[in-house]
Amino acid sequence: MIMEIITAVKGFKDILPGEAGKWQYVEEQARKIFTAFGCLEIRIPILEKTDLFARGIGEATDIVEKEMYTFRDRGADLITLRPEATASIIRAYLEHHLYAADPVAKLYTIGPMFRRERPQKGRYRQFHQLDVEILGYEDARIDAEVILMLIHFLKSVGLKSPQLELNSLGCPSCRPSFRESILQFLQGKEGDLCEDCQRRISTNPLRVFDCKMEGCKHIIAQAPVIQDFLCGGCRDHFAEVLASLAVFDIAYTINPRMVRGLDYYARTTFEITTDFLGAQNAIVGGGRYDGLIRDLGGPDIPGIGFAIGFERLLAMMPADQCDDFIKPPALFIAALGTEAQKFAYQLCNRFRMQGIPTEMDYTAKGLKSQMKRADRLKCRKVLIIGDREIEAQQADLRDMQTGEQVKVTLDNPEEWKDRI
RNA sequence: GUGGGUGUAGCUCAGUUGGUUAGAGUGCCGGGUUGUGGCCCCGGAGGUCGAGGGUUCAAAUCCCUUCACUCACCCCA
């Protein structure tokens, strides 16, 4: 009987050793930079109660409506594989009363998210995000600071020209009047809108701005823009964000038609896109969510954050940034014969315990094939031991780049281990 | 959820109007070098041609069904 190999679930990808080094590099870079900006790591569960996302992200969003992995936990609560990190971070912040000791919390997390969409380039059902959330500051300088950190990070991993788009979505005191005027504007034009947008009029009219259908884009081009409806507070706030960005010469374009797919955003929102990546061109999305913590049952504390699409970021990193993440072993021990193998086995593991990455071959093959393996592993040096060498307590240490060989003593490896 | 494209060796791909034993490059194993990698030369292993059905004397090739992958719509990071 032929056994069929079990494959991974659709949209779920393996990160193979060849690419894992790249992941580690980007993660390290992120930790370094986020830490310098005062962020602390938080690790949160992958499963949450479904209500958290329904309340946090918004019932009418696509994510909640049709993309979540939701199931019943053995007949108990409805639980969901997290589709994003913000709601979970705020849940943890509230659950552990982090705001009691200090309302300000600057947090980051790195991990997998899950959305059941049709996979394509730059879009997987399990994907990873680098997520930063700054809670407790309303100051517009924080908005700019977050963006500064983000762009600094993106450039540090080799991203050539991140394009920053900005908008302000207003707040609960000014958005209703904007919403009203949009509804008025769309009145009578329903017939010219696509099916989805007709539905959006009743669910979330702002999302019509996001539509990519030519007909809808044409109509929306003449629609009123949020900027004209911002209240004094929001207008000042946005102006100060721009002024603070100017301090660091951060280039941006204001996109008054940019709205976001999650309901909780207010005031500053931003997106970073690139044209390298096909249709899925957004690598970062973020913004301010001043009402969210309260909506989730907490005190009225403001917040701002962003999420970077890890896979998309990696896909855009220049090739020369992606090489050489695999560190080859420093030493290969080629051992011929029983005695030499015995000796090699000991020495190999002794070196490893001293932190020297060392490899050997256990199949008793000829020297030629062991050399070949050493070469394939890209080892810098090879120690060649046979019965002759055991007898003489001296072996050849070969430099694989220059081909030079020197005699080293076997009874005292400490003498030459620094030369590996 | 809706469209398009592609499935042949581990990988990248050829394969003519249907025709005999399905190929190349690369990788892997071995040899040329009795104990020295890379370059070169020689040899070897490796394929139910995605799966199922149909047409035919004959199917990788034509038809149908199905599955997988992929790109795009949509949505978003």
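None of the values given here were measured: they were computed from a predicted structure.

### Quick word on the confidence of the model for chain A
Line of reasoning, step 1. Residue-level pLDDT values for chain A average 90, and 97% of them are 70 or greater.
Line of reasoning, step 2. Mean pLDDT across the elements of chain A bottoms out in helix H13 (residues 319-322) (62) and peaks in strand E1 (residues 40-41) (98).

### A look at the protein's contact with RNA strand B
Line of reasoning, step 1. Taken together, 47 residues lie around RNA strand B, and Arg-118, Arg-200, Arg-207, Arg-260 and Met-400 are the ones closest in.
Line of reasoning, step 2. Put simply, 49% of the atoms of RNA strand B that lie within 4 Å of the protein are in sugar or phosphate.
Line of reasoning, step 3. Residue Glu-67 places a side-chain N or O atom 3.1 Å away from a sugar or linking oxygen belonging to RNA strand B.
Line of reasoning, step 4. One of the side-chain N or O atoms of Arg-398 is found 2.7 Å from a base oxygen in RNA strand B.
Line of reasoning, step 5. The set of elements that each furnish at least two residues to the surface near RNA strand B consists of helix H3 (62-67), strand E6 (126-135), strand E10 (282-288), strand E11 (303-309), helix H15 (367-376), helix H16 (387-392) and strand E15 (394-399).
Line of reasoning, step 6. With 6 residues, H15 is the largest single contributor of residues to the surface near RNA strand B.
Line of reasoning, step 7. In terms of residue class, the surface near RNA strand B is built from 13 nonpolar, 10 polar and 24 charged.

### Re the pairing of E11
Line of reasoning, step 1. Counting buried positions along E11 gives 7 out of 7 residues, so the element sits mostly inside the fold.
Line of reasoning, step 2. When E6 meets E11, the two strands line up antiparallel, connected through 7 bridges. By the bridge assignment for E11, Gln-129 is matched with Gly-309.

### Brief notes about the domain arrangement of chain A
Line of reasoning, step 1. Taken domain by domain, chain A comprises domain 1 (17-174 + 230-321) and domain 2 (331-419).
Line of reasoning, step 2. Just the C-alpha atoms count here: the centres of domain 1 and domain 2 sit 50 Å apart.

### Examining the sheet that holds strand E7 (residues 163-168)
The strands making up a sheet associate through hydrogen bonds between their backbones, and the pairing can be parallel or antiparallel.
Line of reasoning, step 1. Strand order in the open sheet formed by 8 strands is E1-E5-E6-E11-E10-E9-E7-E8, with mixed pairing between adjacent strands. Unpaired on one side and paired on the other, E1 and strand E8 (253-254) mark the two borders of the sheet.
Line of reasoning, step 2. Here E1 pairs with strand E5 (residues 105-114) via 2 bridges, running parallel. Across the sheet, the residue bridging to Leu-40 is Leu-107, located in E5.
Line of reasoning, step 3. The sheet contacts of helix H4 (residues 86-95) involve E5 and E6, and relative to E6 the element is tilted by about 45 degrees.

### Here we look at the packing of aromatic side chains
Line of reasoning, step 1. All told, the structure shown has 12 aromatic pairs when counted by the stated rule.
Line of reasoning, step 2. Here Phe-34 and Tyr-108 contribute two aromatic rings whose centre-to-centre distance is 5.5 Å and whose plane-to-plane angle is 65 degrees, an arrangement assigned as edge-to-face. With a gap of 74 residues between them, Phe-34 in helix H1 (residues 17-36) and Tyr-108 in strand E5 connect regions that are remote in the sequence. Comparing Phe-34 with Tyr-108, the two get one shared label, buried.
Line of reasoning, step 3. Ring centres 5.5 Å apart and planes at 55 degrees place the aromatic pair Phe-178 and Phe-229 in the tilted group. Separated by 51 residues along the polypeptide, Phe-178 in helix H7 (residues 175-186) and Phe-229 in the loop between helix H9 (214-220) and helix H10 (232-247) bring together distant segments of the chain.
Line of reasoning, step 4. Every member of this aromatic cluster is reached through a ring pair, and the members are Phe-34, Tyr-108, Phe-153 and Phe-306.
Line of reasoning, step 5. The cationic tip of Lys-189 hangs over the ring face of Phe-185; the distance from NZ or CZ to the ring centre is 4.1 Å.

### Notes on H15
Line of reasoning, step 1. Listing the buried residues of H15 in full gives Gln-370, Met-371 and Ala-374. Along H15, the residues classed as buried sweep out an arc of 100 degrees about the axis, all on the same side. More than 90 degrees from the buried face of H15, the exposed residues found are Lys-368, Lys-372, Asp-375 and Arg-376.
Line of reasoning, step 2. Within two residues after H15, Lys-378 carries a phi angle of roughly 65 degrees, on the positive side.

Cut-offs and rules
- Residues numbered from 1 in each chain as written.
- Chains lettered and ligands numbered in written order.
- Predicted model: local features only at pLDDT ≥ 70, side-chain atom pairs only at ≥ 80, totals over all residues.
- Heavy atoms only, no water.
- pLDDT = per-residue confidence, 0-100.
- Helix = DSSP H or I, 4+ residues; strand = E, 2+ residues; numbered from the N terminus.
- Near = heavy atom within 4 Å.
- Polar contact = N/O pair within 3.5 Å; in protein donor to acceptor, adjacent residues only side chain to side chain.
- Nonpolar A, V, L, I, M, F, W, Y, C, P; charged D, E, K, R; others polar.
- Buried < 20%, exposed > 50% of the residue type's maximum accessible area, 1.4 Å probe, protein only.
- Pairing = 2+ DSSP bridges.
- Domains from an automatic or database assignment.
- Contact = heavy atoms within 4.5 Å.
- Axes fitted to C-alpha atoms, helices over the stretch in contact; angles between N-to-C directions.
- Phe/Tyr/Trp six-rings, centres within 6.5 Å; stacked < 30°, edge-to-face > 60°.
- Lys NZ or Arg CZ within 6 Å of the ring centre and 35° of its normal.
- Arc of directions from axis to C-beta.

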